[in-house]
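So you can see what is in the structure, the chains are spelled out below.
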Amino acid sequence: MNSAASCHEIVGAPGIYIDAFRASFAEKRQNPANAFILTHYHGDHYSGLPKENKYQGPARIHCTSVTASLLREVHEVDPKFVVEHDYDETWEVPLVFSDNTCKDSNSHGNGNGNGNGNGNGDRGN
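Residues numbered from 1 in each chain as written. Predicted model: local features only at pLDDT ≥ 70, side-chain atom pairs only at ≥ 80, totals over all residues. Heavy atoms only, no water.

## Thoughts on the pairing of strand 3 (residues 60-64)
- Here strand 3 lies mainly inside the structure; four of its five residues are buried.
- In this structure, strand 2 (residues 35-37) lies alongside strand 3, joined through three bridges in parallel fashion. Note on strand 3: the bridge partner recorded for F36 is I61.
- As defined by bridge partners, strand 3 adjoins strand 4 (residues 82-85) across four bridges and the pair is classed as parallel. The partner of H62 across the bridge, within strand 4, is V83.
- For the handedness criterion, the β-α-β arrangement of strand 3, helix 2 (residues 65-73) and strand 4 is classed as right-handed. (Buried < 20%, exposed > 50% of the residue type's maximum accessible area, 1.4 Å probe, protein only. Helix = DSSP H or I, 4+ residues; strand = E, 2+ residues; numbered from the N terminus. Pairing = 2+ DSSP bridges. Right-handed = clockwise from strand over helix to strand, strands pointing away.)

## Comments concerning helix 2
- Those residues of helix 2 not exposed but buried are T67, A68 and L71. Down the axis of helix 2, the buried side of the element spans an arc of 105°, and every buried residue falls inside it.
- In this structure, the buried residues of helix 2 make contact with strand 3 and strand 4. (Arc of directions from axis to C-beta. Contact = heavy atoms within 4.5 Å.)

## Here's the deal with a nonpolar patch on the surface
- Together, V66, L70, V74 and Y87 make up an exposed nonpolar region whose accessible area comes to about 340 Å².
- Its place among the elements puts V74 in the loop between helix 2 and strand 4. (Patch = residues over 30% accessible without salt bridge, like charges linked within 9 Å, V, L, I, M, F, W, Y side chains within 5 Å. Areas by Shrake-Rupley, 256 points an atom, 1.4 Å probe, with all protein chains shown as cover. Salt bridge = Lys/Arg side-chain N within 4 Å of Asp/Glu carboxyl O.)

## Regarding the packing of aromatic side chains
- Across all of its chains, the model carries five aromatic pairs by this definition.
- Taken together, a centroid distance of 5.8 Å and an interplanar angle of 35° make the contact between F21 and F36 tilted. Here F21 is found in the loop between strand 1 (16-18) and strand 2, whereas its partner F36 is found in strand 2, with 15 residues between them in sequence. Residues F21 and F36 agree in their burial class; the two are buried.
- Taken together, Y17, F21, F25 and F36 form an aromatic cluster joined through their ring pairs. (Phe/Tyr/Trp six-rings, centres within 6.5 Å; stacked < 30°, edge-to-face > 60°.)

Dropping the structure here:
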């Protein structure tokens, strides 16, 4: 996973962050209007996300139901911070005005499986 900040942000969609749980994004998690999308439950994607019920948000984490279950059960993230989305469900982040769609990536690095601001699940990389 690329650690560059630009890899975790979407041009034209301020307030949406993709797999951005490293310390450099901690301040952005303090804004309840921001949305963090966890594309899937791999260590290089959730790296920096506090474990054992220590995630305090208030920004919420958007992900698929499978990833949501792992966040709650393994990572012990409080359910109030986890927002589940079905595959192929398009959803809007309030105050950001961006449509997002979760896709089944079925592989690690193909760019699918995330919301991206253009509604097709492709980060454009």
